[in-house]
Amino acid sequence: MITVYGASGHAKVVIDIIKSNQKKIAQILDDNEAITKVLGFLVEKPVAKTYRDVVIAIGDNKIRKAIVKQLDATYVKALIHNTSVIGSDVTVGNGTVIMANAIVNACAKIGAHCIINSGSIVEHDVVLRDFVHVSPGSIVTGGVTVGEGSQIGAGAIILPNLSIGKNVMIGAGAVVLKNVADNDVVAGNPARILKKNTNNE
Ligand SMILES: CC(=O)SCCNC(=O)CCNC(=O)[C@H](O)C(C)(C)COP(=O)(O)OP(=O)(O)OC[C@H]1O[C@@H](n2cnc3c(N)ncnc32)[C@H](O)[C@@H]1OP(=O)(O)O
């Protein structure tokens, strides 16, 4: 039985993974009292701080991290859609969600509470630190490292062996040719710095 913490858009896809894995949902929680139902499930306001077997179903890296910090919970080891492909010697941290048709190739190391979104590709020997979000359809090529809390936008491509810093935002469709420093927002082809990411303040 899995507790789903979060009830908005990302949670809908998480619920579908749980259902497709033939697992049961214990409860769905959200602080937002305006959300009373999701996909036919009632949504409850979280009252306790201690939960067992939780998945934090919140797409925003900063909010997901804040919730993880405030809970005293055990997290599902990882929630992996059965259409995804996971290579040899891949490690996946607690609370990470791997969505439909994602591919994680050999020897990749995926941190805790990451999101490997639908149809994305995380190539061999990639290292994703905790709370990274690889958005739908993006490609993180071989040997890339991505720092904690960073997001790779939908359809972006990171060239091999690059280092992406912490709390970086990579725009949708970007082609990243160079290392990216902590807190940068980059976009375009080739990707260029747009500004500093203030979503960690
Ligand atoms: C399941 C899911 O849905 S997961 C969700 C996945 N989400 C994403 O992939 C979203 C990724 N986010 C983006 O691409 C955003 O546009 C960001 C973060 C790069 C920039 O967002 P903002 O800071 O709001 O930038 P803003 O929209 O003000 O644009 C600033 C400039 O950058 C340009 N720009 C914005 N995004 C991009 C992009 N992806 N590629 C190229 N240029 C871009 C804009 O055209 C604008 O240019 P201008 O100053 O010449 O007019």
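It should be emphasised that the depicted structure is a prediction, and the values quoted were computed from it without experimental measurement.

The rules behind the values
- Residues numbered from 1 in each chain as written.
- Predicted model: local features only at pLDDT ≥ 70, side-chain atom pairs only at ≥ 80, totals over all residues.
- Heavy atoms only, no water.
- Helix = DSSP H or I, 4+ residues; strand = E, 2+ residues; numbered from the N terminus.
- Expected span 1.5 Å × (residues − 1).
- Buried < 20%, exposed > 50% of the residue type's maximum accessible area, 1.4 Å probe, protein only.
- Arc of directions from axis to C-beta.
- Polar contact = N/O pair within 3.5 Å; in protein donor to acceptor, adjacent residues only side chain to side chain.
- Contact = heavy atoms within 4.5 Å.
- UniProt positions renumbered as here; feature names shortened; annotations may be inferred.
- Salt bridge = Lys/Arg side-chain N within 4 Å of Asp/Glu carboxyl O.

With twelve residues, helix α1 (residues 9-20) extends 17 Å from end C-alpha to end C-alpha; this agrees with the ideal 16 Å at 1.5 Å per step. All buried positions along α1 are accounted for by His10, Ala11, Val14, Ile15, Ile17 and Ile18. Down the axis of α1, the buried set is contained in an arc of 160 degrees. They therefore lie on one face.

By secondary structure assignment, the location of Thr141 is in the loop between β17 (139-140) and β18 (145-146). Judged by relative accessible area, Thr141 falls into the buried class, the value being 15%. At 2.6 Å, the side chain of Thr141 forms a polar contact with the backbone oxygen of Ile158. Within polar-contact distance, the side chain of Thr141 engages the backbone oxygen of Leu159 at 3.4 Å. Excluding residues that lie within four positions of it along the chain, Thr141 makes contacts with Glu123, Val126, Ile157, Ile158, Leu159 and Pro160.

Another point: the UniProt feature "domain: PglD N-terminal" (unreviewed entry) in the protein chain. As annotated by UniProt and renumbered to match this structure, "domain: PglD N-terminal" (unreviewed entry) occupies residues 2-71. In residues 2-71, helix accounts for 31% and strand for 29%; the two terminal C-alpha atoms are 15 Å from one another.

So, on to the pattern of salt bridges. Across all of its chains, the model carries three salt bridges by this definition. Lys65 serves as the salt-bridge partner of Glu148, at 2.4 Å between the closest nitrogen and oxygen. Of this pair, Glu148 sits in the loop between β18 and β19 (151-152) while Lys65 sits in helix α2 (residues 61-70); the two residues are 83 residues apart in sequence, bridging distant segments of the chain. With relative accessibility at 29%, the residue Glu148 sits in the partly exposed group. Across the pair Asp184 and Lys196 runs a salt bridge whose closest N-O atoms are separated by 2.6 Å. Of this pair, Asp184 sits in strand β24 (residues 184-187) while Lys196 is found in strand β25 (residues 192-196), placing the two residues twelve residues apart along the sequence. Residue classification places Asp184 among the buried positions, given a relative accessible area of 4%.

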